[in-house]
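# Examination of the molecular architecture
Each chain is listed here by its residues.
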Amino acid sequence: MTIRKIAAVGHPVLRQRARAVTAAELASSELQRLIDDLIDTMRDANGAGIAANQVHEAVRVAVVEVDHNPRYPYKPPIPLTVLVNPVVEPLDDEVVEINEGCLSVPNLRGNVLRHVNLRARWLDRDGNEHDEIKRGLTAGTFQHECDHLDGRLFLDRVVDTTTLTTWEEFERHHRDEFVARITEFVRRVGS
Ligand code: NI
């Protein structure tokens, strides 16, 4: 088990557009080790996902997993998913305002607009192609990780900067209202 150091906002690697991974590279022990390390690092930090450039490797690889996440207890579960060269495209114009945080943006959360209905295509760690529809908060998590691979942080998508809060102030002043709204949304959308 290897926990890698997570880059924090301000590190240039987070602003780099990550490059695509070739089939040969994906099969290599180095890249398979990177995937294992991403999983370990995400789980250690209680992240819902992590992208390779967050551990200083600018390649288009990310992992997501939600299973009773203490940082985001309202998020429906997502099985461990390894995203290699992911591409996401919105299916329509429906958006939802989600309060997000990020392992690379210590102690800050803020509201961003995310597409609710998404087509996601990616390769898994064995090179198998996936083409699936993702909805709701799960679609939001996929968009957040794909943004990382394009050098974009959730901060760039915060429209109303007065929604920015530390985690402690979120708990004290904003959590109840957000969780009530988003729980209703999850009930409606199913994910
Ligand atoms: Ni992030």
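Everything below is about the structure printed above this text.
Figured I'd write up the structure that's included with this text. (Residues numbered from 1 in each chain as written. Predicted model: local features only at pLDDT ≥ 70, side-chain atom pairs only at ≥ 80, totals over all residues. Heavy atoms only, no water.)

### As for the sheet that holds strand β2 (residues 61-66)
Stated precisely, the cut-off is as follows: For two strands to be treated as a pair, DSSP must find no fewer than two bridges joining them. Strands are runs of DSSP state E lasting at least two residues, helices are runs of H or I lasting at least four, and both sets are numbered from the N terminus onward. Orientation is described by axes fitted as lines to C-alpha atoms, over the contacting stretch for helices, and by angles from 0 to 180 degrees between their N-to-C directions.
Pairing in this open sheet of 5 strands is antiparallel, and the strands run β1-β2-β3-β6-β7 from one edge to the other. At either end of the open sheet lies a strand with only one pairing partner, and these are β1 (49-51) and β7 (129-135). Taking the axes of each pair of neighbouring strands and ignoring which way they run, one obtains an average angle of 40° across the sheet. Relative to strand β3 (residues 78-90), β2 runs antiparallel, the two being bridged by 5 bridges.

### Side note on the coordination of the nickel ion
The condition that has to hold: The donor definition counts N, O and S atoms within 2.8 Å of each metal and applies 3.2 Å to Na, K and Ca; water is not among these atoms, so some sites may look incomplete. Here the term buried applies to any residue with accessible area under 20% of the maximum for its type, exposed to any over 50%, and partly exposed to those in between, with areas from a 1.4 Å probe on protein chains only.
Protein ligation of the nickel ion involves Cys102 (SG), His144 (NE2) and His148 (NE2), the donor distances falling in the range 2.1 to 2.3 Å. Between the donor residues of the nickel ion, the gaps in sequence give the motif C-x41-H-x3-H. Of this pair, Cys102 sits in strand β4 (residues 95-102) while His144 sits in helix α3 (residues 136-149), placing them 42 residues apart in sequence. Accessibility classification places Cys102 together with His144 in one group, the buried group.

### A closer look at the environment of His130
Here is the rule: For this analysis, residues touch if any pair of their heavy atoms sits within 4.5 Å. For this analysis, a polar contact is any N or O atom pair within 3.5 Å, provided that within protein one partner can donate a hydrogen and the other can accept it, and provided that sequence-adjacent residues contribute only side-chain to side-chain pairs.
Structurally, His130 can be placed in strand β7. Among the residues examined, His130 registers a relative accessible area of 25% and is labelled partly exposed. For His130, the residues in contact, after removing those within four places along its chain, are Ala120, Arg121, Trp122 and Asp124. At 2.8 Å, the side chain of His130 forms a polar contact with the side chain of Asp124.

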